[in-house]
Structures are given as C-alpha cells and as structure tokens.
Amino acid sequence: MPPAQIFVDAVGDTGGKLLLVVVIVAQLFCGMSSVTANSRMIYAFSRDGALPGSAFWHRVNPRTRTPTNAIWLAAAGALILGLPYLGNSTAYAAVTSIAVIGLYVAYVLPTFLRLRLGSAFVRGPWHLGRWSRPIGIIAVAWVVIITILFMLPTTSPVTWATFNYTVIAVVAVLGFAAIYWAVSARKWFTGPKVQGSAQELAAIENELESLA
C-alpha cells in the first residue's frame, strides 16, 4: 500500500508501523461514526415509512434504547461493500469513492432543492442572506466536480481489474431510489414525520419500559 510505504520511507520501519496503528485506530473511529450516522438515517427513513420493511428497521431495542435493527443493517451494508476488496485492490478505491460521493450528494441535495425554489423558499431564523444563492451554487458545482473525479479510473490502461466500479454502485442506488419512488413511494410518502416533543418522548420511554 503506497501510504504505508511513504510512512516507512519517511520515519523508518518502526515509526511507519506506529503511524499505521494511528491510521487504523482513526479508521475504526471513522467507521463507527459512519455506522452511527447511517443507522440514524435508516431509523429516520423507516420512521417515515420510506424504506421497505420500515416497521422492522424502525424497531427500538427496549434494553439498549437504540434501533439495533437499523444499526445491523448499516453494518451489514458496509460489510457487503467492503468484501470485494479481499479479492481486488481496486475495490478499495471504489468503496472509498462511493462513501465520499454518497456523503456529499446527501449533503448537497437540500441545497440544490433550495436553489430550485428560489424566492419561494421560506427562510428560517438563521440564513446566509444575499450570500445564500452564490454559496449554494458553488457548493452544488463543487459536488458535481468531485463526483466526476471520484468516478474516474485510478490507473491506466483501464481493464476489468482496474475499472472504477463506483459509477455502477452510484447508478444502482439512484436507480433503485428512482424506481421505488415512481412505482410506490410517490403515492403515499408525504414527507418526514415530526417527532421529539416532550410528550412524544415520554410516551416512547414508557413504551420501552413496559417492554423491558
């Protein structure tokens, strides 16, 4: 791996191994935070009924007070994406590219929708004022650029072994979402459900205590 070789060349064999330990620990923490964020989104989408099998993924464990089903789904999805790396090193670049593209696209979609609404958008108490539109345009343009860059092959010539499969994964996810919306979700999905008042949280807590 090039990063490992750079560490060894810079600080020697022992120092390189120590730096790799730091990288491994950092990756573990990043992985945990990613699973946490992913499981929270799965829980939120299933709460709104926007996922197949929402009732199952939305279920909260009465003992841990966490949506363990959503957490295991997030972990299983990450495992499946990472398995190809065991047989093909090119898959590692694809997996990291998918993670970056998915994160940025998820962040920029609300910005893009806000730009589409223009003056019809109702601002909240905090906003960027006259800078909202130019900053939004820059953000959307930046995500478009890096999405293209992360889909490009990392080596030349391009073969089946070196092809960047990120584009296939991204198209598959977006295609599934589009088909699911066109066939089913658009007929019944009305948007996120507001949840979090003191009364609702107390009711949820009482329900979990009764199940424990």
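The preceding data block contains the structure.
In this text the structure is predicted, and so the values were computed from the model without any measurement.

**Student:** I'm lost on the packing of aromatic side chains in this one. Help?
**Tutor:** Geometrically, a pair of aromatic rings is defined through the distance of the ring centres and the angle of the planes. Across all of its chains, the model carries three aromatic pairs by this definition. Here Phe 176 and Tyr 180 contribute two aromatic rings whose centre-to-centre distance is 6.0 Å and whose plane-to-plane angle is 5°, an arrangement assigned as stacked. Note that Phe 176 and Tyr 180 are positioned in helix α6 (residues 166-183) at a spacing of four residues, about one turn of the helix. Take Phe 176: its relative accessible area is 51%, and that puts it in the exposed class. With relative accessibility at 21%, the residue Tyr 180 sits in the partly exposed group. Measuring from centroid to centroid gives 6.2 Å for Trp 188 and Phe 189, while their planes differ by 90°, and the two rings are edge-to-face.

**Student:** Which parts of the structure should I look at to understand the pattern of salt bridges?
**Tutor:** Proximity of charged atoms lets side chains of opposite charge pair with each other. This structure, assessed with the given rule, holds two salt bridges. Close ionic contact of Asp 13 with Lys 17 constitutes a salt bridge, the shortest N to O distance being 3.3 Å. Here Asp 13 and its partner Lys 17 are both found in helix α1 (residues 2-47), four residues apart, which amounts to about one turn of the helix. The exposure class of Asp 13 is partly exposed, given its relative accessible area of 45%. Since its relative accessible area comes to 52%, Lys 17 is described here as exposed. A salt bridge links Asp 48 to Arg 47; the shortest N-O distance between them is 3.1 Å.

**Student:** Sorry if this is basic, but what is going on with a nonpolar patch on the surface here?
**Tutor:** Residues Leu 103, Tyr 104, Tyr 107, Trp 142, Val 144, Ile 145, Ile 148, Leu 149, Phe 150 and Leu 152 make up a contiguous nonpolar surface patch of about 1000 Å² in total accessible area. Where the nonpolar patch is concerned, the elements lending two or more residues are α4 (90-117) and α5 (132-151). Residue contributions to the nonpolar patch peak at six residues, all from α5. Counting through the fold element by element, Val 144 comes out in helix α5.

**Student:** Sorry, what's going on with the environment of Trp 188 here?
**Tutor:** Residue placement: Trp 188 occurs in the loop between α6 and α7 (198-211). Along the chain, Trp 188 and Ile 98 lie 90 residues apart, while their C-alpha atoms are 30 Å from each other. When sequence neighbours within four positions are dropped, the list of residues in contact with Trp 188 reads Asp 48, Gly 49, Ala 50 and Tyr 180. There is a polar contact of 2.9 Å between the side chain of Trp 188 and the side chain of Ser 184.

Cut-off values and rules
- Residues numbered from 1 in each chain as written.
- Predicted model: local features only at pLDDT ≥ 70, side-chain atom pairs only at ≥ 80, totals over all residues.
- Heavy atoms only, no water.
- Phe/Tyr/Trp six-rings, centres within 6.5 Å; stacked < 30°, edge-to-face > 60°.
- Helix = DSSP H or I, 4+ residues; strand = E, 2+ residues; numbered from the N terminus.
- Buried < 20%, exposed > 50% of the residue type's maximum accessible area, 1.4 Å probe, protein only.
- Salt bridge = Lys/Arg side-chain N within 4 Å of Asp/Glu carboxyl O.
- Patch = residues over 30% accessible without salt bridge, like charges linked within 9 Å, V, L, I, M, F, W, Y side chains within 5 Å.
- Areas by Shrake-Rupley, 256 points an atom, 1.4 Å probe, with all protein chains shown as cover.
- Contact = heavy atoms within 4.5 Å.
- Polar contact = N/O pair within 3.5 Å; in protein donor to acceptor, adjacent residues only side chain to side chain.

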